[in-house]
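So you can see what is in the structure, the chains are spelled out below.
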Amino acid sequence: MLYSEKVMDHFQNPRNVGKMDDADGVGEVGNAKCGDIMRMYIKVDKDTQTISDVKFNTFGCGSAIATSSMATEMIIGKPVKEALTLSNKAVVEALDGLPTHKLHCSVLAEQAVKAAVKDYYDKNGIAYGDELNICDHECGHCAVE
Amino acid sequence: MRVYADNAATTAVSDTAVKAMLPCFQEFYGNPSSLHTVGQEAAERLSLARQVFAKRLNCDPSEITFTSGGSEADNQALRSAAAAGAKKNKRHIISTEFEHHAILHTLEQLSKEGFEVTLLPIPKSGVISAEQVRQAIRPDTCLVTVMFANNEIGTIQPIPEIGAICRELGVPFHTDAVQAAGHLPIDVRAMNIDLLSLSAHKFHGPKGVGVLYVRRGAVSLMNVIYGGAQERGKRAGTENIAGIVGASAAFDEICDHLEENAAKVTVLRDRLIDGLTKIPHSILNGEQEHRLPGNVNLCFEGIEGESLLLLLDQKGICASSGSACTSGSLDPSHVLLALGLPHEVAHGSLRLSLSEYNTAEEIDHILAVTPGIVEYLRNISPVWDELETGSLKHVI
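Bear in mind the structure is a predicted one, so any value in this text is a computation, not a measurement. (Residues numbered from 1 in each chain as written. Chains lettered and ligands numbered in written order. Predicted model: local features only at pLDDT ≥ 70, side-chain atom pairs only at ≥ 80, totals over all residues. Heavy atoms only, no water.)

**A short note on the domain arrangement of chain B**
Residues and elements named next belong to chain B.
Inference 1: The domain boundaries assigned to chain B delineate domain 1 (3–9 + 258–389) and domain 2 (15–256).
Inference 2: Listed as interface residues are 25 residues of domain 1 and, on the opposing side, 31 residues of domain 2.
Inference 3: Both faces considered, domain 1 and domain 2 share a buried interface measuring about 2,300 Å² in area, 54% of it formed by carbon and sulfur atoms.
Inference 4: Contact with domain 2 buries surface across domain 1, with L258, L292 and H334 losing the most and accounting together for 30% of the total.
Inference 5: The interface formed by domain 1 and domain 2 holds zero salt bridges in total.
Inference 6: At the junction of domain 1 and domain 2, the tally comes to 16 residue pairs in polar contact (both at pLDDT 80 or more).
Inference 7: Of all the elements in the fold, those that place two or more residues in the side of domain 1 that touches domain 2 are helix 9 (258–276), strand 10 (295–300) and helix 12 (334–338).
Inference 8: Among the elements that take part in the side of domain 1 that touches domain 2, helix 12 stands out by supplying four residues, more than any other.
Inference 9: In terms of residue class, the side of domain 1 that touches domain 2 is made up of 10 nonpolar, 11 polar and four charged. (Domains from an automatic or database assignment. Contact = heavy atoms within 4.5 Å. Buried area = accessible area lost by both parts, 1.4 Å probe. Salt bridge = Lys/Arg side-chain N within 4 Å of Asp/Glu carboxyl O. Polar contact = N/O pair within 3.5 Å; in protein donor to acceptor, adjacent residues only side chain to side chain. Helix = DSSP H or I, 4+ residues; strand = E, 2+ residues; numbered from the N terminus. Nonpolar A, V, L, I, M, F, W, Y, C, P; charged D, E, K, R; others polar.)

**Observations concerning helix 9 of chain B**
At 3.6 residues per turn, the α-helix brings residues three or four places apart onto the same side.
Residues and elements named next belong to chain B.
Inference 1: Here helix 9 contains 19 residues, and its C-alpha end-to-end distance of 26 Å stays within 8% of the 27 Å for a straight helix at 1.5 Å per residue.
Inference 2: Those residues of helix 9 that sit buried are L258, N261, V265, L268, R269, L272, I273 and L276. What you see down the axis of helix 9 is that its buried residues fit within an arc of 140°, all on one side. Away from its buried face by more than 90 degrees, helix 9 exposes E259, E260 and V267.
Inference 3: Packed against the buried residues of helix 9 are helix 8 (241–256), strand 9 (282–284), strand 10, strand 12 (349–353) and helix 14 (360–380). (Expected span 1.5 Å × (residues − 1). Buried < 20%, exposed > 50% of the residue type's maximum accessible area, 1.4 Å probe, protein only. Arc of directions from axis to C-beta.)

**Let's talk about the interface of chain B and chain A**
Interfaces are frequently sized by the accessible area removed from exposure as the parts join.
Inference 1: Taken together, the contact pairs 25 residues of chain B with 31 residues of chain A.
Inference 2: For the pair chain B and chain A, the summed buried area comes to about 2,200 Å², and 63% of that belongs to carbon and sulfur atoms.
Inference 3: Between K19 of chain A and D385 of chain B there is a salt bridge; the shortest N-O distance is 3.0 Å.
Inference 4: In this assembly, chain B and chain A are joined by 15 residue pairs in polar contact (both at pLDDT 80 or more).
Inference 5: Of all the secondary structure elements, the ones that give two or more residues to the side of chain B that touches chain A are helix 10 (305–314), helix 13 (343–346), helix 14 and helix 15 (382–389) of chain B.
Inference 6: Class assignment for the residues of the side of chain B that touches chain A results in 10 nonpolar, nine polar and six charged.

Rendered as structure tokens:
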């Protein structure tokens with residue numbers, strides 16, 4: 001099989017899928033031309049600065065959908081700052097691995113979380129550092145134009 | 001229910017072919033180059049197999065060369081015609097944008113070696129015109145190579161018309177007939193074809209056997225593999241007797257049933273096309289009229305092909321897609337892009353390719369499960385959300 005059981009499970013039964021109308025932060029990464037787009041919505045508890053709810057929408061292959069789903073599970077209930085430390089590697093490990101040519105999907109998932117947090121910070125006037133400058137266009141995936 | 005609908009990728013080997021092959025492993029196992037009885041028994045089978053292809057394609061057995069498959073046949077055809085052209089100082093080759101990579105990548109290599117390649121653009125119909133070929137031919141053109149039928153969208157090219165033009169203007173004409181052989185009538189004499197490639201595993205023969213037809217006097221074959229004197233010295237290596245015998249048995253059988261298979265499979269195909277194009281914002285790629293009997297190729301807007309394939313597979317349906325994710329490259333299918341489809345639409349393609357082994361019940365199953373899967377993926381997709389809310393415009 002191309003994918004692990006966990007990837008197939010998250011692909012076929014994605015957690016936290018859907019839109020969120022009252023999101024505190026929305027991040028979108030990827031490009032339809034390249035074949036994958038992830039949109040991540042977060043709801044933040046302002047008192048505790050924790051992520052109280054997450055939703056996602058993804059256009060892409062099985063692993064793109066599975067990594068989005070896994071990433072939402074890994075940040076829900078976590079402090080915003082901790083969500084920022086979520087690495088693509090951690091997502092891959094939690095899914096029991098991805099084929100090499102699908103690793104970019106996990107990078108997108110990591111970036112989608114960061115983009116959502118960045119949006120939340122921007123909307124709330126919270127300062128942040130360079131670590132939130134996402135997508136350096138160097139992963140080679142978005143080589144199309 | 002398991003539905004195999006990926007016959008353009010490969011087919012199941014027919015009972016007839018298996019039956020013909022089995023004695024070749026332990027009874028007629030000789031090397032056809034050996035002088036003794038066991039070797040000569042194998043040589044006889046090789047000769048009979050060659051005669052089958054010659055008869056079915058309407059050529060002489062000496063014009064048939066066995067190769068390891070369609071890709072090798074394509075490579076050898078192009079290399080040979082290019083070398084023959086270079087001797088006359090002709091270094092221009094005409095082909096199309098949507099050839100198989102066995103052709104396109106060989107042409108890329110030839111262009112690095114000093115040949116100039118013109119790739120004809122593909123109209124939306126997926127069928128080029130013979131006139132496009134005529135317009136492109138120059139005094140230094142040494143080869144025209146146009147596929148008989150496209151492997152992804154199944155559209156059939158006007159091969160007899162192109163053949164007539166090439167013959168008239170004295171330009172060698174090659175056709176990659178890998179998808180057509182065994183599914184469409186082929187007569188190399190009547191169609192003025194100088195070189196033709198085919199592959200056994202696309203018509204219920206075994207993998208690892210290809211055929212290259214070259215009209216005597218058209219182009220002198222150049223070796224791609226050097227060694228022994230097999231295949232008149234043009235293709236070295238001990239012949240794959242079992243494979244070649246299986247290939248000829250499969251070809252003989254399928255040519256006997258060409259019309260009835262085409263009639264049956266076309267009905268199944270048209271039901272699939274009618275049913276699946278009822279899904280909103282879907283489109284059939286390439287025209288329906290000049291199309292292989294078993295080919296269905298659609299795009300569904302707002303979704304990506306690989307996820308569609310995985311979910312179809314979960315329902316027992318084996319299909320393929322031109323999505324980048326299934327090919328391991330970044331770009332979606334060069335065939336769909338050649339048709340003018342935008343990248344984001346080309347990613348959402350689905351190819352179902354049928355054979356005479358498929359049944360009406362299998363078509364029912366595909367029609368029953370596909371709309372639900374497309375809807376499920378669209379509900380997850382942010383692109384679909386934008387299309388539906390109007391922030392993105394529907395293209396199809």
